[in-house]
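Residue strings, one per chain:
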Amino acid sequence: MTDASLALERPRTPSRQSARRNNFELYAWLFMRLSGVVLMFLVLGHLLIMLFLDGGVHRINFAFVAGRWASPFWQFWDLSMLWLAGLHGGNGLRTVISDYSRKDSTRFWLKMLLYVSVLLTVGLGSFVIFTFDPNIG
């Protein structure tokens, strides 16, 4: 073995593109932590109110939801849960796809499928919350 074969390559200088990508991952990591804490508050509050304070699941029907969504507070509460859960879960699955998919093309298509499904789910849920009409028929 020669000394040339034992030499290490010079480390590359990080480009602006990789610095941006690293910042995105930092912000995604922070978002996961913060949204997780907020989601715990929202979901546990939702369960406490729905199951214990409002009489349990046997009371939940169309009229109950209509009465609840008549208040902007509950619309905002449910919309916040929807958006945070969708983005939190989508970001987690994005990380799993990046970690475990081997081929770049597989990673690309799985992420596209994920982005479309999160967009459709959050978009449709938001549409329902904003356009809900309690006076059907």
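Worth saying up front: this structure is predicted, and the values here are computed from it rather than measured.

### Some words on the overall build of the protein chain
Moving on, step 1. Of regular secondary structure, the protein chain possesses five helices and zero strands.
Moving on, step 2. Relative to its full complement of 137 residues, the protein chain shows a buried share of 24%.
Moving on, step 3. Considering only intrachain contacts with a sequence separation of at least 6, the fraction spanning at least 24 residues in the protein chain is 70%.
Moving on, step 4. Surface exposure of the protein chain reaches about 10800 Å², of which carbon and sulfur atoms provide 69%.

### Side note on the packing of aromatic side chains
Moving on, step 1. Tallied over the full model, the rule gives seven aromatic pairs.
Moving on, step 2. Ring centres of Phe 73 and Trp 74 lie 4.9 Å apart, and the angle between their planes is 75°; on these two criteria the pair is classed as edge-to-face.
Moving on, step 3. Where Trp 74 meets Trp 77, the ring centres are 5.6 Å apart and the plane angle is 55°; that geometry is what we call tilted. Of the two residues, Trp 74 and Trp 77 both sit in helix 4 (residues 72-100), three residues apart, roughly one turn of that helix. Residues Trp 74 and Trp 77 agree in their burial class; the two are buried.
Moving on, step 4. Taken together through their ring pairs, the aromatic side chains of Phe 41, Phe 73, Trp 74 and Trp 77 make up a single cluster.

### Some details on helix 5 (residues 104-131)
Moving on, step 1. With 28 residues, helix 5 extends 40 Å from end C-alpha to end C-alpha; this agrees with the ideal 40 Å at 1.5 Å per step.
Moving on, step 2. Residues of helix 5 that are buried: Lys 111, Leu 114, Val 118, Val 122, Gly 125, Ser 126 and Ile 129.
Moving on, step 3. Check the buried side of helix 5 and you find it contacts helix 4.

### Overview of the UniProt feature "transmembrane region" (unreviewed entry) in the protein chain
Moving on, step 1. This chain's UniProt record puts "transmembrane region" (unreviewed entry) on residues 26-53, 73-91 and 112-132.
Moving on, step 2. Span residues 26-53 is 100% helix and 0% strand, its end C-alpha atoms 39 Å apart.
Moving on, step 3. For the annotated span residues 73-91, helix accounts for 100% and strand for 0% of the residues, and the straight-line distance between the end C-alpha atoms is 27 Å.

### Thoughts on the pattern of salt bridges
Moving on, step 1. This model, assessed by the stated rule, comprises three salt bridges.
Moving on, step 2. Between Glu 25 and Arg 94 there is a salt bridge; the shortest N-O distance is 3.0 Å. Here Glu 25 is found in helix 2 (residues 16-53), whereas its partner Arg 94 is found in helix 4, with 69 residues between them in sequence.
Moving on, step 3. A relative accessible area of 37% places Glu 25 in the partly exposed class.

Rules behind the numbers
- Residues numbered from 1 in each chain as written.
- Predicted model: local features only at pLDDT ≥ 70, side-chain atom pairs only at ≥ 80, totals over all residues.
- Heavy atoms only, no water.
- Helix = DSSP H or I, 4+ residues; strand = E, 2+ residues; numbered from the N terminus.
- Buried < 20%, exposed > 50% of the residue type's maximum accessible area, 1.4 Å probe, protein only.
- Contact = heavy atoms within 4.5 Å.
- Areas by Shrake-Rupley, 256 points an atom, 1.4 Å probe, with all protein chains shown as cover.
- Phe/Tyr/Trp six-rings, centres within 6.5 Å; stacked < 30°, edge-to-face > 60°.
- Expected span 1.5 Å × (residues − 1).
- UniProt positions renumbered as here; feature names shortened; annotations may be inferred.
- Salt bridge = Lys/Arg side-chain N within 4 Å of Asp/Glu carboxyl O.

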